[in-house]
Amino acid sequence: MVLEKLSESLKNTLQKIAKSMFVDEKLINELIKDIQRALLQADVNVKLVFDLTKKIKDRAKEEAPKGLTKKEQLINIVYGELTDFLGKEAYKMDIKEKPFKIMLVGLFGSGKTTTTGKLARFFLKRGYRVALVGLDIHRPAAMEQIEQIAKQVGVPCLLNKKEKDPLKIWDEFKEEYKKYDILIIDTAGRDALSRDLIEEIENVYNLIKPNENLLVISADIGQTAQKQAEQFHKSCHITGVIATKMDGTAKAGGALSACAVTGAPIKFIGVGEKTEDLELFNPPGFVSRLLGMGDIEALLEKAKEAITEEEAEDLGKKLLKGEFNLIDLYEQMVAMKKMGPLSNIMEMIPGFSQVKMPKELLQVQEGKLEKWKHAMDSMTKEELEDPEVITTGRIDRIAKGAGISPKDVRELVKQYSVGKKMMKMMKGKGDINKLMKKFQGKMPKGFGM
Ligand code: GDP
Ligand code: MG
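Rules of the game
- Residues numbered from 1 in each chain as written.
- Chains lettered and ligands numbered in written order.
- Predicted model: local features only at pLDDT ≥ 70, side-chain atom pairs only at ≥ 80, totals over all residues.
- Heavy atoms only, no water.
- 1 Å grid on protein atoms, 1.4 Å probe; cavity = no way out; pocket = protein on both sides within 12 Å on 5 of 7 lines; lining within 4 Å.
- Points joined across faces, edges and corners; volume = space filled by probe spheres on them.
- Helix = DSSP H or I, 4+ residues; strand = E, 2+ residues; numbered from the N terminus.
- Nonpolar A, V, L, I, M, F, W, Y, C, P; charged D, E, K, R; others polar.
- Near = heavy atom within 4 Å.
- Polar contact = N/O pair within 3.5 Å; in protein donor to acceptor, adjacent residues only side chain to side chain.
- pLDDT = per-residue confidence, 0-100.
- Contact = heavy atoms within 4.5 Å.
- Buried < 20%, exposed > 50% of the residue type's maximum accessible area, 1.4 Å probe, protein only.
- Arc of directions from axis to C-beta.
- Axes fitted to C-alpha atoms, helices over the stretch in contact; angles between N-to-C directions.
- Parallel < 35°, antiparallel > 145°, perpendicular 65-115°, else oblique.
- Left-handed = near helix turned anticlockwise from the far one by under 90°.
- Core = buried A, V, L, I, M, F, W, Y, C linked by side-chain atoms within 4.5 Å.
- Domains from an automatic or database assignment.
- Pairing = 2+ DSSP bridges.
- Right-handed = clockwise from strand over helix to strand, strands pointing away.
- Phe/Tyr/Trp six-rings, centres within 6.5 Å; stacked < 30°, edge-to-face > 60°.

J.: Describe the layout of surface pockets, and please don't skip the residues or the numbers.
T.: Approximately 350 Å³ is the volume found for the largest pocket. What lines the largest pocket is a set of 21 residues, among which D84, F85, L86, G87 and A260 lie closest to the centre. Elements represented by at least two residues in the lining of the largest pocket include exactly α3 (46-60), α4 (70-85) and α10 (252-262). Top contributing element to the lining of the largest pocket by residue count: α3, with 4 residues. Residue classes in the lining of the largest pocket are distributed as 13 nonpolar, 2 polar and 6 charged.

J.: Report on the site of ligand 1, specifying residues and quantitative values.
T.: The full set close to ligand 1 counts 18 residues, and G109, K112, T113, T114 and D247 are the nearest of them. E273 has a polar side-chain atom sitting 2.9 Å from an oxygen atom of ligand 1. Sorting elements by how many residues they give to the shell around ligand 1 places helix α5 (residues 112-124) first, with 4 residues.

J.: Please give an account of the confidence of the model for the protein that cites residues and values.
T.: Taken over all residues, the pLDDT of the protein has a mean of 82, while the share at 70 or more is 78%. Counting contacts from residues 345-355, a segment whose pLDDT is below 50, to residues more than four positions away or on other chains yields 23 contacts. Considering only residues more than four positions removed or in separate chains, one finds that residues 438-449, a stretch of pLDDT under 50, has 28 contacts.

J.: Break down helix α11 (residues 283-291) for me, with residues and values.
T.: Taken residue by residue, α11 has P283, F286, V287, L290 and L291 as its buried positions. Taken end-on, α11 shows its buried residues confined to a sector of 125°, consistent with a single buried face. Two residues or fewer after α11 comes G292, characterised by a positive phi angle close to 60°.

J.: I'd like to hear about the packing of helix α2 (residues 25-41) against α4, residue by residue, with values.
T.: Following both chains from N to C, one finds α2 and α4 inclined at 30°, their axes separated by 12 Å at the closest point. Here α2 is positioned roughly parallel relative to α4, judged by the angle of their axes. Classified by chirality, the crossing of α4 by α2 is right-handed. Contacts from I28, L31, I35 and L39 of α2 reach α4 at L74, V78 and L82. Taken together, the residues that form the contact of α2 with α4 break down as 7 nonpolar, no polar and no charged.

J.: Can you lay out the nonpolar core for me, pointing to particular residues and giving the numbers?
T.: Counting residues in hydrophobic clusters, the biggest one holds 102 residues, and the most contacted among them are F123, F232, M246, L256 and F286. Looking at which element gives the most residues to this core, the answer is α2, with 7 residues. Split by domain, the residues of this core number at least three in each of domain 1 (4-85) and domain 2 (100-281). F286 has contacts with V2, L3, L86, M246, L256, I269 and F281, leaving out every residue within four places of it along the chain. Core analysis: the next-biggest nonpolar cluster, separate from the first, contains 17 residues, L369, A375, L412 and V413 among them.

J.: Tell me about the pairing of strand β7 (residues 266-270), and please be specific about residues and values.
T.: Of all 5 residues in β7, 5 are buried, a share of seventy percent or more. Relative to β7, strand β6 (residues 240-244) is paired through 3 bridges, and the arrangement is parallel. Of the residues in β7, the one forming a bridge with V241 is I266. Following the chain from β6 across α10 to the adjacent parallel β7, one finds a crossover that is right-handed. Taken together, the 3 bridges between β7 and strand β8 (residues 278-280) define a ladder with antiparallel strand orientation. Along β8, the bridge assignment pairs I269 with E279.

J.: Explain the packing of aromatic side chains to me, using residue names and the numbers behind them.
T.: Using the criterion set out here, one finds 5 aromatic pairs in the structure. Ring centres of F123 and Y128 lie 6.0 Å apart, and the angle between their planes is 75°; this geometry places the pair in the edge-to-face category. A residue is classified by how much of its surface remains accessible, and F123, at 1% relative accessible area, is buried. What makes Y128 partly exposed here is its relative accessible area of 24%.

See the structure below:
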């Protein structure tokens, strides 16, 4: 995969969000740092990185839109900002007139000639009649190279090995061009964008008037692509960029973001040496793959099945205030059950690993919750709010109403008083929200994540 390392770090970052229980400032700061580190390693320009992460941070402060949790909102912001960062939309190939002329320009070795073959294949597969035109009169073996590539793809190649003037070569095949839907024109490069090269491109451009004049740029130059793209953009009527060699470099993020800021959109990316190694550049899809969005969505879905942020927060607040009724206990038991064995969770809380917990509290047995739910349905409001008022006589009545044994009801009442005691102990242990967050660390087990 292209940009494997960047993808790996960004995925880890998003996983962190998906798995955390609360979105708070600390998490956002951590996320920002992670993204900065990942992008800087991909050779993205420092200023661009800071601009981007500032945007993410500012937007993270916004209220989550209806129907989105804070986590989903945060992941969406990262996704959206990265997509914008790389050029927003996919380029729509609009073959308006025929022949549609696509000219490739760029420095030596950037991949122009290779890319003519890739583009030819791309359009051939989409049903167009395509021909290559070879106008690189500088490189000694250039004509042989493009001839061979054309043969490999199975398209005609129009060139003249003896002629040294690209304008004359172009004029030579005027009649031929009518047979094709698309012409892909290879031009000569130089080591740098010299006066000489600008002039040559200018002359060819004015004669051919290409519909697309694409700058081919090698992604392995990283953020220095910006200068190159800007120069070409200014002097050579560039309509877009093809970033090649995306497969062999960790710096591609730098090249892509650098081109995006010049206003010359990236239209294709080259991802290998073979003719099929070309992709239409689609920022939303690209970023989605980079971030492993499919996986993230699945993860968020799973997290949703467990306790929600609001639920946890509500419960935390209630417990802190000491308002703790049987329904809270029940809800907490359900939540705990989803999180995994309570004993695992207790170990996470400072000071609690030493506290001797009654065994029955640490294990919510299968089937128990169901019985307790029935018991609670048969209780009065007063009993639910304060189970300590439940006398032996009431226990029998509840059991009968719920169709369970008095023993089950007694267990529930006992569970409540143990739970309440536990909550009193926890009250002295600091912020309950922090404790709840610690539970999260243990969650993956119970979650199957
Ligand atoms: P030109 O001088 O601009 O015409 O560049 P060429 O088309 O001759 O390519 C220069 C070298 O880059 C060749 O060895 C190509 O095989 C290689 N190349 C071009 N595009 C890609 C790409 O997307 N990935 C990889 N790995 N190599 C590429
Ligand atoms: Mg070439």
